[in-house]
Amino acid sequence: MSQLDTRADPLADEIAIELVGLGKQYGDVTALNDVTLTVRRGEIFGFLGPNGAGKSTTIDILLDFVRPTGGTATVLGYDAQDDSLAVRQAVGVLPDGYHLYDRLTARQHLEFAIASKGSDDDPVELLERVGIADAADRKAGGFSKGMKQRLVLAMALAGSPELLILDEPSTGLDPNGAREMREIIRAERDHGATVFFSSHVLEQVEAVCDRVGILRNGKLVAVDTIDALRDALGTDARLVLTVQSVTDDVIDAVTALPGVADVHADSETRLTVTCAPETKTAVMHAVEVAGETIVDFDIEETSLEEMFAAYTTEDDTDTSSKDGEAEPATPSAGGEEVRA
Ligand SMILES: Nc1ncnc2c1ncn2[C@@H]1O[C@H](COP(=O)(O)OP(=O)(O)OP(=O)(O)O)[C@@H](O)[C@H]1O
């Protein structure tokens, strides 16, 4: 830390974003309710939640566009309210409702963004990173929605920010654009940046995020990897096995295993087993011990949609905060739910 460094937190080099007991009331509307969350440096963190859950409000507080009514938000070690200028200097932002100047070219937008970050980036190199270098000298007014989105992302990358905050970055992008967005996000993380982004596009989140936080009615209801959240739901997986021959011995051996809910012989060579996710390996082992060779297998997990619904629509009675810490609770779905 330099002498001018106003960061108070000694863990500022490890933590990118820290929310402690964050709350926001709009009159009678509780937009955020006692949210406690830590995003580590170097991770890609997905912020999920249905409409009105509080995602934009959180991002607006991080950037000091909105003041919280409770708790604190720290960004790269800076208090989001007291040190908002330092935060904006260090962070690259793709906001929800961005504004571009129709009469300015992409290059001019980049020159402005680069100057405001005090950096010496090459505008065209940044436009290349988002795939619109060909349009460097075209006016933004004529851009498609996807091109505008890429231009704003290029502006967010100016000055190689330590943290990228992206509000719904896939909006307006076609499937190719969404894939390129994922590649850009990964590349920025590989260069050492932390990426915090909100999204409704669950596939996008699963494909790219190290961890996710799920908001529901202003409360943080789960924080973990997608795999861990899915496993924690405890919903059965379906294991489809192709073997040389489905014998009675195989069916009996698999049926006898704890955690197996159903065994069905689809044909002489195909067996479908419905079982707890952690039982899959035991099923395959039992088939082999019963003398069969597994030729092929396929696992059908809980879909992302099912998982999202389980975390965002279930009974809300057991999520009240006792101490403001994000600590494991026991959701009815069985996940690593946090009281926030
Ligand atoms: N300026 C405001 N005045 C009053 N209520 C507001 C204001 N901004 C947000 N809210 C309310 O706060 C809650 C959270 O809104 P927020 O925009 O943060 O949700 P979100 O998760 O970003 O939703 P979406 O996915 O639809 O963008 C909602 O109930 C919303 O109506």
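Before any of the text, the structure's been laid out above.
Just so it is clear, the model here is predicted, and its values are computed rather than measured.

Enquirer: Just to check I follow, could you spell out the pattern of salt bridges for this structure?
Expert: A side chain with one charge may pair with a side chain of the opposite charge, provided their charged atoms come close. If you walk through the whole model with that rule in mind, you get 11 salt bridges. R189 serves as the salt-bridge partner of D190, at 3.3 Å between the closest nitrogen and oxygen. On the basis of relative accessible area, D190 is assigned to the exposed category, the value being 59%. Since its relative accessible area comes to 21%, R189 is described here as partly exposed. Put simply, R270 and D266 hold a salt bridge, and the shortest N to O gap is 3.3 Å. The exposure class assigned to D266 is partly exposed, which follows from its relative accessible area of 32%. Among the charged side chains, a salt-bridge network with shared partners connects E125, R129 and E188.

Enquirer: Can you help me understand the nonpolar core in this one?
Expert: Nonpolar side chains in soluble globular proteins generally cluster together in the buried interior. Formed by 48 residues in total, the largest nonpolar core has its most connected members in L110, L127, F143, L151, L166, I185 and F197. At eight residues, helix α5 (residues 145–157) tops the list of elements feeding residues into this core. In this structure L166 touches I59, L94, L153, I185, V195, F196, F197 and S198, once residues within four positions along its chain are discounted. With 30 residues, the next largest nonpolar core counts L22, L32, L37 and F47 among its residues.

Enquirer: Sorry, what's going on with the sheet that holds strand β9 (residues 211–216) here?
Expert: What holds strands together in a sheet is hydrogen bonding between their backbones, with the strands either parallel or antiparallel. Ordered by their spatial adjacency, six strands build an open sheet running β6-β7-β8-β3-β9-β10, and the pairing between neighbours is mixed. The outermost strands of the open sheet, each flanked by one partner alone, are β6 (91–94) and β10 (219–224). Between one strand and the next, the sheet's axes are offset by a mean angle of 15°, whatever the strand orientation. Relative to β10, β9 is paired through five bridges, and the arrangement is antiparallel.

Parameters and conventions
- Residues numbered from 1 in each chain as written.
- Predicted model: local features only at pLDDT ≥ 70, side-chain atom pairs only at ≥ 80, totals over all residues.
- Heavy atoms only, no water.
- Salt bridge = Lys/Arg side-chain N within 4 Å of Asp/Glu carboxyl O.
- Buried < 20%, exposed > 50% of the residue type's maximum accessible area, 1.4 Å probe, protein only.
- Core = buried A, V, L, I, M, F, W, Y, C linked by side-chain atoms within 4.5 Å.
- Helix = DSSP H or I, 4+ residues; strand = E, 2+ residues; numbered from the N terminus.
- Contact = heavy atoms within 4.5 Å.
- Pairing = 2+ DSSP bridges.
- Axes fitted to C-alpha atoms, helices over the stretch in contact; angles between N-to-C directions.

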